[in-house]
Amino acid sequence: MALSRDQVVATAVDLLRRYGLADLSMRRLARELGVAPGALYWHVANKQELLVEVADVLLSEIPDPRPDQPPAEALVGLAVAVRDALVQVPDGADVVGLAYAVEPGAARPLRALAQLVHDAGAPASERDEVASLVVHHILGSVAGQQDRAMAAAVDPDLPAPDATSEAKAFEVGLAVVVRGLARSTEARWVASHESRVAGRESR
C-alpha cells in the first residue's frame with residue numbers, strides 16, 4: 001500500500017504520545033512506517049512542517065465554542081479545553097508552541113481563540129498580542145506540570161504535581177486576562193461616551 005501524508009502524520013502523533021518529542025525523529029518515524037527516511041519527504045517538506053500537522057491533530061477534537069456563549073465564557077472554556085488536550089501528551093506544549101511560532105493560525109482552536117480574545121474586548125490592533133499571551137499561558141501551564149511530574153519521577157523527594165491544583169492555578173491566571181479584557185472594553189466605552197457628550201456640548 002502506498003504511503004500517504006495522513007499515515008505519516010498519524011504515526012508521528014502515535015510516536016509523540018508514546019515516547020515524547022525526543023524520539024520523534026524522521027529516522028524513527030521512517031522505521032515505524034517501514035520505509036526509507038527519504039520517502040517521508042514526498043509527504044512533508046521537513047520536520048517543522050510535520051510538527052505543524054501533528055499540532056493540528058492534537059487539537060482537532062476540541063469542539064468549536066457555542067455561538068450563544070458570551071465571548072469571555074467561551075474564551076475560558078476553549079483555553080481550558082486546549083490545555084486539557086495537551087496535558088496528557090508528552091511534550092505536547094512544545095509541539096504546539098513550535099507550530100504556533102511557525103504558523104499561528106494553523107490549528108483551528110487557536111484561530112478561534114484569537115477571535116474570542118477580540119470579541120471579549122481586545123481591540124483589533126492588540127488582538128494577536130493578547131491571543132499570544134493566552135496561548136503561551138496555556139503552553140507554560142502544560143509544560144510546567146509535565147516538568148514537575150518528570151522531576152518527581154526522577155527524585156522521589158520532590159512532590160508530584162496535583163492535577164487539580166495545577167488546573168486551578170491556570171484558571172486563576174486566565175481570569176486575570178479576562179478581567180483585563182472586560183476593563184479594556186469598559187474604558188473604551190466610557191471614552192467613546194465622553195467624546196460624544198463633549199461633541200454635543202460643543203455644538
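These numbers were taken from a predicted model, which means no experiment stands behind them.

Examining helix α1 (residues 5–19)
And then number 1: Here α1 contains 15 residues, and its C-alpha end-to-end distance of 21 Å stays within 8% of the 21 Å for a straight helix at 1.5 Å per residue.
And then number 2: Of all the positions in α1, only Val8, Val9, Thr11, Ala12, Val13, Leu15 and Leu16 are classed as buried.
And then number 3: Tucked inside the fold, the buried residues of α1 contact α2 (26–33), α3 (37–40), α4 (47–58) and α6 (92–102).
And then number 4: One or two residues past the end of α1 sits Gly20, with phi positive at roughly 95°.

Section: the packing of helix α5 (residues 71–87) against helix α8 (residues 127–154)
And then number 1: Interhelical geometry of α5 versus α8 gives an angle of 35° and a closest axis separation of 10 Å. Where α5 crosses over α8, the handedness of that crossing is right-handed. Taken together, the residues of α8 that come into contact with α5 (itself represented by Ala79, Val82, Arg83, Leu86 and Val87) are Val134, Ile138, Leu139, Ser141, Val142, Gln145 and Gln146.
And then number 2: When the residues that make up the contact of α5 with α8 are grouped by side-chain class, the tally is eight nonpolar, three polar and one charged.

Observations regarding the packing of α6 against α8
And then number 1: Packing of α6 against α8 brings their axes to within 8 Å, and their N-to-C directions diverge by 155°. As the angle between them shows, α6 and α8 are arranged roughly antiparallel. Viewed along their axes, α6 and α8 form a crossing whose handedness is left-handed. Here Gly92, Ala93, Val96, Gly97 and Tyr100 of α6 come into contact with α8, specifically with Asp128, Ala131, Ser132, Val135, His136, Leu139, Val142, Ala143 and Gln146.
And then number 2: Residue composition of the contact of α6 with α8, by class: eight nonpolar, five polar and one charged.

Here's the deal with the packing of aromatic side chains
And then number 1: A complete count under the given rule lists zero aromatic pairs for this structure.
And then number 2: Positioned over the ring face of Tyr19 is Arg28, at 4.5 Å from the centre of the ring.

Here's the deal with the side chain of Arg83
And then number 1: By the element assignment, Arg83 lies in helix α5.
And then number 2: Buried within the structure, Arg83 lacks any salt-bridge partner; its nearest side chain of opposite charge belongs to Asp84, at an N-O separation of 4.4 Å.
And then number 3: In this view, Arg83 contacts Ile138, Ser141, Val142, Gln145, Glu166, Ala167 and Phe170; residues no more than four positions away in its chain are not counted.

So, how was this worked out
Residues numbered from 1 in each chain as written. Predicted model: local features only at pLDDT ≥ 70, side-chain atom pairs only at ≥ 80, totals over all residues. Heavy atoms only, no water. Helix = DSSP H or I, 4+ residues; strand = E, 2+ residues; numbered from the N terminus. Expected span 1.5 Å × (residues − 1). Buried < 20%, exposed > 50% of the residue type's maximum accessible area, 1.4 Å probe, protein only. Contact = heavy atoms within 4.5 Å. Axes fitted to C-alpha atoms, helices over the stretch in contact; angles between N-to-C directions. Left-handed = near helix turned anticlockwise from the far one by under 90°. Nonpolar A, V, L, I, M, F, W, Y, C, P; charged D, E, K, R; others polar. Parallel < 35°, antiparallel > 145°, perpendicular 65-115°, else oblique. Phe/Tyr/Trp six-rings, centres within 6.5 Å; stacked < 30°, edge-to-face > 60°. Lys NZ or Arg CZ within 6 Å of the ring centre and 35° of its normal. Lys, Arg positive; Asp, Glu negative; His and termini not counted. Salt bridge = Lys/Arg side-chain N within 4 Å of Asp/Glu carboxyl O.

Note that every value here comes from positions in space, so none of it alone points to a role or purpose.
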